[in-house]
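# Coordinate analysis (summary)
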Amino acid sequence: MLDQILVAVDGSEASKKALEEALSLAEALHAEIHAVHVIEIGLVPQVSMNTEPIDAVQQSVVAMLEREADEILEEARRKAAARGIEIGIQKRWGHPGSEIVGAAEELGIDLIVIGSRGRSRIARILLGSVSSFVVEHASSAVMVARG
């Protein structure tokens, strides 16, 4: 039984499709649903989960990434609410694949729904495909939604 669904959202068309698929499944299965957005710490040099930005430029980049994450998660909340679905929200920092898999384990997720392509083709080439990482490392089922 699929009682817990996690959907990864990054604002891309593929993640919007993943959100729609996850909401439809949650609705049909009466499952609990969670959305996660991961801010890639590699985008901000010398910033990790345990340190503060060291200069004004880094601080402004971090603030921009935080605002963008909040907007993406709020859009997920609005789309869920429009369908009468309550959605849990998580904003995390780190490697997107690792953080998605970690969130799924922490929440006891039965199904992860993720888009086939994220926002950045260059990042995908350099860092590898997040969806491929999740498929390979998740202990739960993974559904990859094409955008």
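Higher on the page you've got the structure.
Sequence positions are assigned chain by chain, starting from 1 and proceeding in written order. Residues qualify for local features only when their pLDDT is at least 70, as the model is predicted, and side-chain atom pairs are given and counted only at 80 or more; totals for whole chains, interfaces and linings, by contrast, use all residues. Side-chain descriptors were evaluated using all non-hydrogen atoms of the structure, hydrogens and water having been removed beforehand.

Segments assigned H or I by DSSP are reported as helices when at least four residues long, segments assigned E as strands when at least two residues long, and all are numbered from the N terminus. The secondary structure content of the chain amounts to 5 helices and 5 strands. In the chain, the order of α-helices and β-strands from amino to carboxyl end is β-α-β-α-β-α-β-α-α-β. Note on classification: 1.4 Å probe, protein chains only; a residue is buried when its accessible area is under 20% of the maximum for its type, exposed when over 50%, partly exposed between these limits. Residue burial in the chain is summarised as follows: out of 147 residues, 41% are buried. Accessible surface area values rest on a Shrake-Rupley calculation with a 1.4 Å probe, where residue burial reflects the displayed protein chains alone. With the model as given, the accessible surface of the chain reaches about 8000 Å², and the carbon-plus-sulfur share is 53%.

Turning our attention to the packing of helix 1 (residues 13–29) against helix 2 (residues 56–82). Note on definitions: angles span 0 to 180 degrees between N-to-C directions of axes, and those axes are lines fitted to C-alpha atoms, for helices only across the stretch in contact. At a minimum axis distance of 11 Å, the contact between helix 1 and helix 2 shows a crossing angle of 35°. The two elements helix 1 and helix 2 cross, and the hand of that crossing is right-handed. Residues Lys-16, Leu-19, Glu-20 and Leu-23 of helix 1 form the contact with helix 2, whose participating residues are Glu-75, Ala-76, Lys-79 and Ala-80. Side-chain classes are defined by residue name, with Ala, Val, Leu, Ile, Met, Phe, Trp, Tyr, Cys and Pro counting as nonpolar, Asp, Glu, Lys and Arg as charged, and the others, Gly among them, as polar. Taken together, the residues of the contact of helix 1 with helix 2 sort by class into 4 nonpolar, no polar and 4 charged. What makes a crossing left-handed is the near helix being turned counterclockwise from the far one by less than a right angle; a clockwise turn instead makes it right-handed. For this analysis, residues touch if any pair of their heavy atoms sits within 4.5 Å.

With that settled, consider the nonpolar core. Residues enter a nonpolar core if they are buried and are Ala, Val, Leu, Ile, Met, Phe, Trp, Tyr or Cys, with the set joined through side-chain atoms within 4.5 Å. The biggest cluster of nonpolar side chains holds 20 residues, and the ones touching the most others in it are Ile-5, Val-7, Val-9, Leu-19, Ile-33, Ala-35 and Val-113. Those elements that provide at least two residues to this core are strand 1 (4–8), helix 1, strand 2 (32–39), helix 2 and strand 4 (111–115). At 5 residues, the largest contribution of residues to this core is made by helix 1.

Now for the pattern of salt bridges. We count a salt bridge whenever a side-chain nitrogen from Lys or Arg sits within 4 Å of a carboxyl oxygen from Asp or Glu. Applying the stated criterion to the full structure yields 10 salt bridges. The partner of Glu-21 in a salt bridge is Lys-17, and the shortest N-O contact between them spans 2.9 Å. With a gap of 4 residues between them, Glu-21 and Lys-17 both fall in helix 1, about one helical turn apart. Judged by relative accessible area, which is 27%, Glu-21 ranks as partly exposed. A relative accessible area of 36% places Lys-17 in the partly exposed class. Of the charged contacts, one joins Lys-79 and Glu-75 as a salt bridge, the two residues approaching to 3.2 Å between their closest N and O atoms. Pair noted here: Lys-79 and Glu-75 are both in helix 2, with a separation of 4 residues, about one helical turn. Among the charged side chains, a salt-bridge network with shared partners connects Glu-20, Glu-27 and Arg-83.

Keep in mind these numbers describe shape, not what the thing actually does.
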